[in-house]
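# Summary of structural features
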Amino acid sequence: MKEVKVGNLTLGGGKGLFLLAGPCVIEDPERTLNIGRRAKEICERVGIPYIFKASFDKANRSSFSSFRGPGLEEGLKILSHIKKELQVPIVSDIHSVEQIEPAAEVLDILQIPAFLCRQTDLVYGAAKTGKCVNVKKGQFLAPKDMSNVVKKVEEAGNQNLMLTERGATFGYNNLVVDMRSFPIMRSFEYPVIFDATHSVQLPGGAGTSSSGQREFVPNLARAAVAAGVDGLFMEVHDNPEEALSDGPNMVRLDDLEAMLRDLVAIDKIVKG
């Protein structure tokens with residue numbers, strides 16, 4: 001299993017869990033920073049590496065009127081400030097080739113959204129920056145099909161790569177997580193992450209927005225860690241009911257520490 005470099009962190013290589021966590025989208029800058037600060041403190045107490053995440057633009061929304069965030073320029077300014085204040089690596093989604101260069105100046109991980117994982121120019125361009133690239137497996141792909149994505153990144157001369165599972169869609173506002181996905185994608189020798197909160201999303205389940213079932217996040221996360229996953233991705237919020245995106249599937253910050261302690265204990269058993 002390869003190791004990857006993310007800021008001053010070395011992840012993967014069969015080591016313990018790490019966490020990518022933060023709100024779905026940048027909301028009020030101070031609130032967004034405070035969510036990251038609390039998540040960092042929790043990870044420090046639990047003893048796992050922490051990477052802050054938040055989207056500057058939620059380009060894939062159910063409705064045209066849905067909140068998308070501050071956009072590229074203002075969003076990167078906010079993320080740069082959070083990075084400086086918290087002294088942690090930052091990850092965010094990129095959606096087009098034009099966003100790669102400015103995003104790479106701020107982000108430590110360039111994340112390819114699931115629906116864009118087959119976009120060759122986007123994947124290859126992100127990989128050419130030399131930054132760590134996290135590619136979310138499309139809800140429409142079998143896990144073995146991610147081998148083609150791996151080859152696109154490697155073709156760009158980059159082995160600083162992670163893959164993320166976020167469930168498979170069978171339509172009708174539901175996602176299903178196949179636990180076989182983790183050993184299959186880990187066979188490509190790159191760290192594999194489980195997106196525990198998007199996996200309980202009910203896409204379009206609220207009509208003009210997505211719904212979700214956050215009560216199942218602990219169950220799926222425990223199963224993924226038991227299956228040998230390398231890292232976890234969770235969207236977290238101090239009050240999900242007030243969140244401007246993905247509130248129904250986000251984890252309450254008050255519940256995060258206890259959940260992580262369970263997951264770390266399982267991980268230690270699995271990895272010896």
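The shown structure was predicted, so the numbers you read here are calculated from the model rather than taken from an experiment.

## Some points on the packing of aromatic side chains
Tallying each qualifying case throughout the model produces two aromatic pairs. Look at F115 and F140: their rings are 6.4 Å apart centre to centre, the planes differ by 20°, and that puts the pair in the stacked class. Linking F115 in the loop between strand 6 (109-112) and helix 4 (120-128) with F140 in the loop between strand 7 (132-136) and helix 5 (146-155), this pair joins segments that are 25 residues apart in sequence. Since its relative accessible area comes to 43%, F140 is described here as partly exposed. Ring geometry for F182 against F194: centres 5.5 Å apart, planes inclined by 85°, an arrangement best described as edge-to-face.

## Quick look at the state of the cysteines
According to the stated counting rule, one finds zero disulfides in the structure shown. Cysteine C24 shares no disulfide, and the gap to the nearest cysteine sulfur, in C117, comes to 18 Å. Under the relative-accessibility criterion, C117 is labelled buried at 0%.

## Concerning the pairing of strand 14 (residues 231-237)
With seven of its seven residues buried, strand 14 lies for the most part within the structure. Here strand 14 shows no split at all, with G231, F233, E235 and H237 on one side and L232, M234 and V236 on the other all buried. Pairing of strand 3 (residues 19-22) with strand 14 involves four bridges; the strand directions are parallel. Across the sheet, residue G22 finds its bridge partner in strand 14, namely E235. In this sheet, strand 14 lies alongside strand 11 (residues 192-195) in parallel orientation, the contact comprising three bridges. Bridge assignment links I193 to a residue of strand 14, and that residue is G231. Where strand 14 and strand 15 (residues 251-252) come together, two bridges link them in parallel fashion. Paired with H237 across the two strands is R252, which belongs to strand 15.

## Some words on helix 2 (residues 72-86)
With 15 residues, helix 2 extends 21 Å between its outermost C-alpha atoms, agreeing within 8% with the 21 Å of an ideal straight helix rising 1.5 Å per residue. Here helix 2 has its buried residues at G75, L76, I78, L79, I82 and L86. Projection of helix 2 onto a plane perpendicular to its axis shows the buried side chains occupying an angular sector of 160°, all on one side. When the buried face of helix 2 is taken as reference, the exposed residues oriented beyond 90 degrees from it are E73 and K84. Residues of helix 2 that are buried sit in contact with helix 1 (29-46), strand 4 (50-53), strand 5 (90-93) and helix 3 (97-104). Two residues or fewer past helix 2, Q87 is found with a positive phi of approximately 55°.

Conventions we followed
Residues numbered from 1 in each chain as written. Predicted model: local features only at pLDDT ≥ 70, side-chain atom pairs only at ≥ 80, totals over all residues. Heavy atoms only, no water. Phe/Tyr/Trp six-rings, centres within 6.5 Å; stacked < 30°, edge-to-face > 60°. Helix = DSSP H or I, 4+ residues; strand = E, 2+ residues; numbered from the N terminus. Buried < 20%, exposed > 50% of the residue type's maximum accessible area, 1.4 Å probe, protein only. Disulfide = S-S within 2.5 Å. Pairing = 2+ DSSP bridges. Expected span 1.5 Å × (residues − 1). Arc of directions from axis to C-beta. Contact = heavy atoms within 4.5 Å.

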